[in-house]
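The residues making up each chain are set out below.
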Amino acid sequence: MASKVKKRKIKILPLLILIIVILGIVLVCKFLLDRPIKNIIVKNTTYIKDDYILELGGVIDYPSFLLTSGSKVEKKLKKSPYIGDVNVKRKFNRSLIIDVNEKKPIVYDIYSKNVVFDDNSSLGIDKCIYKFDIPRLNNYVPKKKYKRFIKALNKVNNNVLIKISDIEYSSTSLDDERFKLYMDDGNLVYITLTKFNKINYYDNIVVQLDGHKGVLYLDNGNHFEIKE
């Protein structure tokens, strides 16, 4: 006697519910992934433009917030010759906070045709997209003195640094670490590496000169030779 084949009825309703749930999950995921970055805040920049940061970081078009990796944005930005360090944070309101630590431009080295930064890195003047209000180094400085010179110049206050137009290495038989500073106000300053921090008192010294112009010797003693 042949056995009877039992036919199972497919329950349509549970299947439809499962399909709807899966479809709902897919649509929700797609909706969340398509949500763009709502706001980008760039912090602590002085000369770097925001558009430069956004373009280099790959977020100029405000891409998907969920698919944007903060660490990847940081990696891209750290390739910039103008950036020493950077920290990127994502906020729940779809905001991206980019905290930038700019390298400080110290001097234009005319001899090597480089812009030199506070970490002793450099960038060719022809490749530099920004103009900095910093002094020009007009001649060659021996390698043994160069790093110490950059280190000393890095300690000059910004309000004084912008008043130095040109710098020359001006060694003598008695002092092979002497430099000549051409100030924007017409004064000359002779200074040595071990006393470079004295230039930070320049504004206080100038006040005492009663408008006279001349040569200020900070390399050996502290005296002023009037020229006019």
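Keep in mind that what you see is a predicted model, and the values were worked out from it rather than measured.

S.K.: Which parts of the structure should I look at to understand the layout of surface pockets?
M.R.: Take a probe with the size of a water molecule and roll it over the atoms, and the empty space left behind shows itself. There is about 320 Å³ of room inside the largest pocket. If you trace the largest pocket, you find 14 residues lining it, with Thr-46, Tyr-47, Lys-104, Pro-105 and Asn-158 closest to the centre. Within the lining of the largest pocket, the residues separate by chemical class into six nonpolar, three polar and five charged. Volume-wise, the second largest pocket comes out at about 160 Å³. Considered class by class, the residues forming the lining of the second largest pocket number three nonpolar, two polar and three charged.

S.K.: So what exactly am I meant to see when it comes to unusual backbone geometry here?
M.R.: Backbone geometry follows two general trends: most residues other than glycine have a negative phi, and most peptide bonds adopt the trans configuration. Unusually for a residue other than glycine, Asn-44 sits at a positive phi of about 65°. Counting through the fold element by element, Asn-44 comes out in the loop between strand S1 (39–43) and helix H2 (50–56). With relative accessibility at 54%, the residue Asn-44 sits in the exposed group. In the Ramachandran plot, Lys-113 falls in the positive-phi region, its phi being about 60° despite a non-glycine side chain. For Lys-113, the position within the fold is in the loop between strand S4 (105–109) and strand S5 (114–117).

S.K.: Can you help me understand the pattern of salt bridges in this one?
M.R.: Oppositely charged side chains can form a pair if their charged atoms are brought close together. Counted by the stated rule, this structure contains eight salt bridges. The salt bridge involving Asp-166 is made with Arg-136; its shortest N-O contact spans 2.9 Å. Of this pair, Asp-166 sits in strand S8 (residues 164–169) while Arg-136 is found in strand S7 (residues 136–137), placing the two residues 30 residues apart along the sequence. Taking the shortest distance from any N to any O, the salt bridge between Lys-163 and Asp-203 comes out at 2.5 Å.

S.K.: What should I look at first to understand helix H3 (residues 70–77) in this one?
M.R.: The α-helix winds at 3.6 residues per turn, so residues separated by three or four positions along the chain end up facing the same way. Regarding H3, the residues found buried are Gly-70, Val-73, Glu-74 and Leu-77. Along H3, the residues classed as buried sweep out an arc of 100° about the axis, all on the same side. Exposed residues pointing more than 90 degrees away from the buried face of H3 are listed as Ser-71, Lys-72 and Lys-75. Buried positions along H3 lie against H2, strand S2 (83–90) and strand S3 (95–102).

S.K.: Explanation requested: the pairing of S1 in the structure shown.
M.R.: Two faces, one strand: in a regular strand the side chains alternate between the faces of the sheet. Burial along S1 is one-sided: Ile-40 and Val-42 are buried, and none of Asn-39, Ile-41 and Lys-43, which face the opposite way, are. When S1 meets S3, the two strands line up parallel, connected through five bridges. Paired with Ile-40 across the two strands is Leu-96, which belongs to S3.

Rules of the game
- Residues numbered from 1 in each chain as written.
- Predicted model: local features only at pLDDT ≥ 70, side-chain atom pairs only at ≥ 80, totals over all residues.
- Heavy atoms only, no water.
- 1 Å grid on protein atoms, 1.4 Å probe; cavity = no way out; pocket = protein on both sides within 12 Å on 5 of 7 lines; lining within 4 Å.
- Points joined across faces, edges and corners; volume = space filled by probe spheres on them.
- Nonpolar A, V, L, I, M, F, W, Y, C, P; charged D, E, K, R; others polar.
- Helix = DSSP H or I, 4+ residues; strand = E, 2+ residues; numbered from the N terminus.
- Buried < 20%, exposed > 50% of the residue type's maximum accessible area, 1.4 Å probe, protein only.
- Salt bridge = Lys/Arg side-chain N within 4 Å of Asp/Glu carboxyl O.
- Arc of directions from axis to C-beta.
- Contact = heavy atoms within 4.5 Å.
- Pairing = 2+ DSSP bridges.

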